[in-house]
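Now for the letters of each chain:
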Number of protein chains: 4
Amino acid sequence: MGITLAQAQAAIESAKMKAQELNLKMNIALVDAGANLVAFARMDNAWLGSVDIAIKKARTARFFDMPTGNLGQASQPGGPLYNIEHSNGGLITFPGGIPIKDANGEVIGAIGVSGSTVENDHAVAEAGVHAI
Amino acid sequence: MGITLAQAQAAIESAKMKAQELNLKMNIALVDAGANLVAFARMDNAWLGSVDIAIKKARTARFFDMPTGNLGQASQPGGPLYNIEHSNGGLITFPGGIPIKDANGEVIGAIGVSGSTVENDHAVAEAGVHAI
Amino acid sequence: MGITLAQAQAAIESAKMKAQELNLKMNIALVDAGANLVAFARMDNAWLGSVDIAIKKARTARFFDMPTGNLGQASQPGGPLYNIEHSNGGLITFPGGIPIKDANGEVIGAIGVSGSTVENDHAVAEAGVHAI
Amino acid sequence: MGITLAQAQAAIESAKMKAQELNLKMNIALVDAGANLVAFARMDNAWLGSVDIAIKKARTARFFDMPTGNLGQASQPGGPLYNIEHSNGGLITFPGGIPIKDANGEVIGAIGVSGSTVENDHAVAEAGVHAI
C-alpha cells in the first residue's frame, strides 16, 4: 500500500524545515498508493482553508500520477480536461501536489502542500519528496 | 431500461482490447437508459482518479444523449451552458463519453472511458460502442 | 494494490453463476486494497438501489477488514459502534461485503453484493471470494 | 486557536507509543479550538475506514466539548439527541474522541483515535491528552 508512516512523517519534517527556511506556514498532507491519508500537519497560523487543499492536492497527484500543476494546465477553459476538478469529490489542479515513487519508479503515494504561492507550495512539496 | 449486462460486458471487452492495442490503461464504465451503472472495469495500473471520471462521462453522455465533448464546447466561459458541470453531482464534459443507440436509433445507455488523452479516451469508447 | 482486474472479473463471474443458481439478480462490486473500485456488474433487472449498496459494502469490508455483517452487529442502538454508518461518506453494515485475502492472509481487496436478502447477498459474495 | 503543531505531534507520539504497547494499529487525529485539523497519523496497516472516523471523533469532541462517548449515550433511539450524527457532515458519537484543555480549563482542541475496540480507542486517546 505504499509509503509507511515513518516515511510520511520524514517527508513532513523535511517540508516543514523548508517552509521555515522560506518563512512560510504550510499545511502538508501525505497519502499512500491507494490515495488514503497517512499523515498531516498544519504549521501554526497556517491558512485554515489549506487543510482541505493540501489533502486534495496529495490525492489529485496520486489519482493521476503527475504533479497537480500539470493537470491544471489541461483543465483551463478551452483545454482538453476543462473542469476535471468536478470529479472525485473535488480535485485541486494548481501546483503543490507531487507523486512519490520508490527506487523502481513505482508510485507509492503523494504529497500535497498548501499555504503560500503555488511556487512556494511546489517547492516545499519537493523538499518533502526528497526526504523519501 | 436499455443495454443488458451481456452487452455492457461485451463493450468493456472490446474497449479493453482497443486499449491494449494502443498500449493504454483505461477505466471503462457502462450505464443503462436510466443512467445507472451496469458494468465497470479498471485495467491494472490505470489511474485511480479515472474511476469516477469514467462513470461520470458515461452518465453525462446519457444525461444529454450526446458525446461528452459536445457538451464541453458549450460549457466554456461565455458559452450557453457555462459551468453546467456543477449539476447532477458533477458532470465531465470533455471527450470519452458516448451514448449507445439500438437499431431504431433510441438511446439505450452510454459508455465512459478515462485514463489517457481525451482523443484516446474517445477512441477506446468508440470501440466499446461498436461492440453493441 | 491488491487484486487484479482478471481476479475481480473471475469473482464477478463466480458470484453471477451462484446468483443464477439461486435464481437471484445481483449487483456485484470489487475493490482493491486501497478500497478503490476495480470491477462492477449489475445483472439484468437487479435493483437499481443496490448499485451503490454493493459498492459501499465492498468498501466497508476493506475499510475494516471484516465481513460487513460483523460491523453491523456492533453498530446497533446501544452497541459500541452505534451509527458508524455516518463515516466515510456512508457505510453499509449489513451482510454482503467480505474482505479478500491472498495466500499469506493479507487483505488484497473486497467484494460487495446486493440485490436480495442479506443471507443471499452474503452467500453470493462468498462464491465470489472463492474464485480468487 | 488552541493547540500548537508541536503539542499535536507530541500527542500523536504519546498515543502511538500507547498503541504499540497494547499491540494496536491506530489512526490518530488532532484538531484545534476551531475544530480544524492540526495533525494526523495512520499507523502502518491500521484500518483505512478509521481515517475518517478518527478525524470525525476529534471534531465531534470539540464541537460539544465532551468525550464522544457521552454524546453517544444521548443519541440513542428515544434519547434527547437521537440521531445527532446527521449534523455537521457526520458525527461519530462512540468513545475515542476527547477534548483537550489548557491549565485554566479552557478547551484548546481535541483528539480522536480509531482502529480497535472503543475501549482501546479511548485509552489511546487519553494517552494523547496526557502528553499536552
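Predicted model only: the values in this text are computed from it and were never measured. (Residues numbered from 1 in each chain as written. Chains lettered and ligands numbered in written order. Predicted model: local features only at pLDDT ≥ 70, side-chain atom pairs only at ≥ 80, totals over all residues. Heavy atoms only, no water.)

Draft legend 1. Spotlight on the overall build of chain A. The number of helices and strands found in chain A is four helices and four strands. Tracing chain A from N to C terminus, the helices and strands come up as α-β-β-α-α-β-β-α. The C-alpha atoms of chain A give 13 Å as radius of gyration, which agrees with the globular expectation for 132 residues (14 Å, within 12%). Seen along its three principal axes, the alpha-carbon backbone of chain A occupies a region of about 40 × 35 × 20 Å. Here chain A, with 132 residues, has 58% of them falling under the buried criterion. For chain A, restricting intrachain contacts to residue pairs at least 6 apart in sequence, the fraction spanning at least 24 positions comes to 62%. (Helix = DSSP H or I, 4+ residues; strand = E, 2+ residues; numbered from the N terminus. Rg over C-alpha atoms; globule rule 2.2 N^0.38 Å. Buried < 20%, exposed > 50% of the residue type's maximum accessible area, 1.4 Å probe, protein only. Contact = heavy atoms within 4.5 Å.)

Draft legend 2. Examining unusual backbone geometry more closely. Residue and element names in this part refer to chain B. Notably, D65 is not glycine yet its phi reads approximately 50 degrees, a positive angle. Within the fold, D65 resides in the loop between helix 2 (50-64) and helix 3 (68-74). Residue D65 is classed as partly exposed on the basis of its relative accessible area, which comes to 37%. Positioned with a positive phi, N83 is a non-glycine residue whose angle comes to about 65 degrees. Relative to the helices and strands, N83 is located in the loop between helix 3 and strand 3 (97-101). In this structure N83 comes out as partly exposed when scored by relative accessible area, which is 21%.

Draft legend 3. Broad picture of the relation of the copies chain B and chain A. With an RMSD of 0.2 Å, the fit of chain B onto chain A corresponds to turning through 91 degrees and sliding 0.0 Å along the axis. Accordingly, the operation relating the two chain copies is best matched by a four-fold axis. (Least-squares fit on C-alpha atoms with pLDDT ≥ 70 in both.)

Draft legend 4. Geometry of the pairing of strand 2 (residues 37-42) of chain C. Burial of strand 2 of chain C is extensive: six of the six residues sit out of reach of the surface. In the sheet, strand 2 (residues 37-42) of chain B pairs with strand 2 of chain C via three bridges, with the strands oriented antiparallel. Looking across to strand 2 of chain C, one finds that B:F40 is bridged to C:F40. Pairing analysis gives five bridges linking strand 1 (residues 27-32) of chain C to strand 2 of chain C, with the strands arranged antiparallel. Its bridge partner being in strand 2 of chain C, C:V31 is matched across the sheet by C:L37. (Pairing = 2+ DSSP bridges.)

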